[in-house]
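As a plain string of letters, each chain reads:
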Amino acid sequence: MTPEEFRDLFPALRSTVWLDTPGSPPGAGPVVDALRDTMSAWSSGEFDWRMWDSAAEDARQLFARFIGAEPGTVSAVGSLAEAAATVAGSLPRGRVVVAEDDFRSNLFPWLARHDVVAAPGDRLADALDEDTALLAVSEVTTKDGRRRDLRALRAATDAVGARLFVNLTQSLGALRFDPLIRPDYLASTPRRT
Ligand SMILES: Cc1ncc(COP(=O)(O)O)c(C=O)c1O
């Protein structure tokens, strides 16, 4: 699909250039149609919950293919915060480094269970040491749209034996994902991608 064909899927973009937040973007035609069909079947009582489950399963498979992962390693959760909380709860207690200006969904879940070091966004590699269990970082910041160098951060976590959690909420789909980053955990809020 070309960028023009992709753009054409969004009816609002025929008359608008969207430069506002991706938190409340115009809807894509196929997504809006699927929502309308679901709402109408729900309202008339003619729905089958197994179709909802199978749509989620299809999405899981497609997402896995998109990022080049095995479908069995992908799970659907409700938010970025829930994904971070799931990982936070599965790690032994330890030191977690985050950027001090990162989106709050990538901060509070770590604080609940770990010793969190909040470092300046451009000094994350310096904040890592042998005691660091994990670095949790958003590829693109919400504050100013800056892109972090995930390849360099992967090298820095490898150097101290720390895991890497990447939040691709503002980048996946808009920027090409670099497989060399090999994150231990990759999470994204689907409604923004
Ligand atoms: C960088 C970033 N991460 C995550 C989110 C969404 O987090 P959640 O799914 O927990 O609401 C946003 C929302 O704008 C965001 O900008």
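Keep in mind that this is a model prediction, so the values were computed, not measured.

A word on the overall build of the protein. Scanning the protein for helices and strands turns up six helices and five strands. Counting from the amino terminus, the protein carries its helices and strands in the arrangement α-α-α-α-β-α-β-β-α-β-β. Overall, the protein is about 55 × 35 × 25 Å in size when its C-alpha atoms are taken along their principal axes. Sequence separation of 24 or more characterises 50% of the internal contacts of the protein that already satisfy a separation of 6 or more. In the structure as shown, the protein presents an accessible area of about 12100 Å², 55% of it carried by carbon and sulfur atoms. For the protein, the distance from the average position of its 22 positive side-chain charges to the average position of its 28 negative side-chain charges is 2 Å.

Moving on to the environment of V87. Examined against the element boundaries, V87 turns out to sit in helix 4 (residues 80–90). On a C-alpha basis, the gap between V87 and W110 in space is 8.8 Å, while along the polypeptide they are 23 residues apart.

A few words now on the domain arrangement of the protein. When cut into domains, the protein gives domain 1 (3–68) and domain 2 (78–192). A C-alpha centroid distance of 27 Å is found between domain 1 and domain 2.

Definitions and cut-offs
- Residues numbered from 1 in each chain as written.
- Predicted model: local features only at pLDDT ≥ 70, side-chain atom pairs only at ≥ 80, totals over all residues.
- Heavy atoms only, no water.
- Helix = DSSP H or I, 4+ residues; strand = E, 2+ residues; numbered from the N terminus.
- Contact = heavy atoms within 4.5 Å.
- Areas by Shrake-Rupley, 256 points an atom, 1.4 Å probe, with all protein chains shown as cover.
- Lys, Arg positive; Asp, Glu negative; His and termini not counted.
- Charge placed at Lys NZ, Arg CZ, Asp CG, Glu CD.
- Domains from an automatic or database assignment.

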